[in-house]
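# Notes for the structure review
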Amino acid sequence: MSGSHDHHHSHDHSHDHSHAHDDERWKHDGVRVIPGNQLDSNVPSTSGMDRKAAINFARVGAQKLWAGTVTIRPDAKTGAHHHGHLESVIYVVKGKARMRWGEHLQFTAEAGPGDFIFVPPYVPHQEINASPDEVLECVLVRSDGEAVAINLDIEPVEKPETVLWVDPIHRDPAEKA
């Protein structure tokens with residue numbers, strides 16, 4: 001682009017801007033802070049985990065997001081479940097997460113503090129606290145303001161296959177170049 005920016009657009013200031021209406025609207029429909037000690041535990045539950053909602057349609061009118069926390073006791077694991085058409089992101093705050101997924105929970109991967117986990121729609125999965133003595137604490141975000149959790153009755157394979165997440169740039173360290 002050459003320097004031919006059009007400076008001839010003048011904003012018409014003759015009409016009345018009613019800021020009072022905007023102020024009232026933004027005051028109540030603007031930014032919301034949800035204190036960590038006021039999360040809502042009245043959410044669809046899966047055995048083995050303590051889910052709490054911070055951001056959802058019921059609480060703040062969120063249309064496209066659900067966010068909250070998940071706590072899993074040491075050595076505990078959740079029942080197998082999926083979240084329907086929703087995409088999920090899990091951020092590990094504290095502890096060691098082991099995810100299992102697949103029709104028979106035959107795949108597994110681990111994540112620690114600072115790691116993000118992405119779970120696509122309809123993927124059967126199970127969260128496991130891989131630590132015998134530390135609570136697993138995660139933040140959870142989903143792609144709709146309503147929570148969906150479909151609990152599944154899956155017979156897991158005995159030894160799941162470990163899957164190292166490898167993107168096109170980072171090679172699997174076990175793979176010889």
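Now for a look at the structure at hand.

Parameters at a glance
Residues numbered from 1 in each chain as written. Predicted model: local features only at pLDDT ≥ 70, side-chain atom pairs only at ≥ 80, totals over all residues. Heavy atoms only, no water. Helix = DSSP H or I, 4+ residues; strand = E, 2+ residues; numbered from the N terminus. Buried < 20%, exposed > 50% of the residue type's maximum accessible area, 1.4 Å probe, protein only. Core = buried A, V, L, I, M, F, W, Y, C linked by side-chain atoms within 4.5 Å. Contact = heavy atoms within 4.5 Å. Pairing = 2+ DSSP bridges. Axes fitted to C-alpha atoms, helices over the stretch in contact; angles between N-to-C directions. Salt bridge = Lys/Arg side-chain N within 4 Å of Asp/Glu carboxyl O.

## A short note on the environment of Ile-128
Take Ile-128: it is sitting in strand β8 (residues 125-129). Sequence separation of Ile-128 and Gly-79 is 49 residues, and the distance between their C-alpha atoms is 9.4 Å.

## Digging into unusual backbone geometry
Of note in this structure, Asp-75 is not a glycine but carries a positive phi near 65 degrees. Tracing the sequence through the fold places Asp-75 in the loop between β2 (66-72) and β3 (81-82). Given a relative accessible area of 58%, Asp-75 falls into the exposed group. Within the chain, Tyr-122 stands out as a residue other than glycine whose phi angle is a positive 65 degrees. Topologically, Tyr-122 is positioned in the loop between β7 (116-119) and β8. Of the residues examined, Tyr-122 reaches a relative accessible area of 51% and is grouped as exposed.

## Quick look at the nonpolar core
Ranked by internal contacts, the top residues of the largest apolar core, which has 17 residues, are Val-70, Ile-72, Ile-90, Val-92, Ile-117, Leu-136 and Cys-138. Those elements that provide at least two residues to this core are β2, β4 (88-94), β5 (97-101), β7 and β9 (136-142). Leaving out residues up to four positions away in the same chain, Leu-136 has contacts with Val-70, Thr-71, Ile-72, Val-92, Lys-94, Gly-95, Lys-96, Ala-97, Ile-128 and Asn-129.

## Some points on the sheet that holds β7
Spatial ordering of the open sheet is given by β1-β2-β9-β4-β7, a layout of 5 strands whose pairing is antiparallel. Every interior strand has two partners, whereas the edge strands, β1 (50-55) and β7, have only one. For this sheet the average axis-to-axis angle between neighbouring strands, irrespective of direction, equals 25 degrees. Strand direction decides the pairing type here: β4 and β9, joined by 6 bridges, are antiparallel. Pairing of Val-89 across the sheet is with Val-141, part of β9.

## A word on the pattern of salt bridges
Pairing between side chains of opposite charge can happen when their charged atoms approach one another. One pass over the full model with this rule turns up 3 salt bridges. Where Lys-96 meets Glu-110, a salt bridge forms, and the shortest distance between an N and an O atom there is 3.8 Å. Here the residue Lys-96 occupies a position in the loop between β4 and β5, and Glu-110 occupies one in strand β6 (residues 107-111), the gap between them amounting to 14 residues. According to the relative accessible area criterion, Lys-96 is partly exposed, its value standing at 37%. Taking the shortest distance from any N to any O, the salt bridge between Glu-110 and Arg-98 comes out at 2.6 Å. Note that Glu-110 is positioned in strand β6 and Arg-98 in strand β5, a separation of 12 residues in sequence. Overall, the relative accessible area of 43% leaves Glu-110 in the partly exposed class. For Arg-98, a relative accessible area of 27% corresponds to the partly exposed category. What you see here is one network of salt bridges that share partners, running through Lys-96, Arg-98 and Glu-110.

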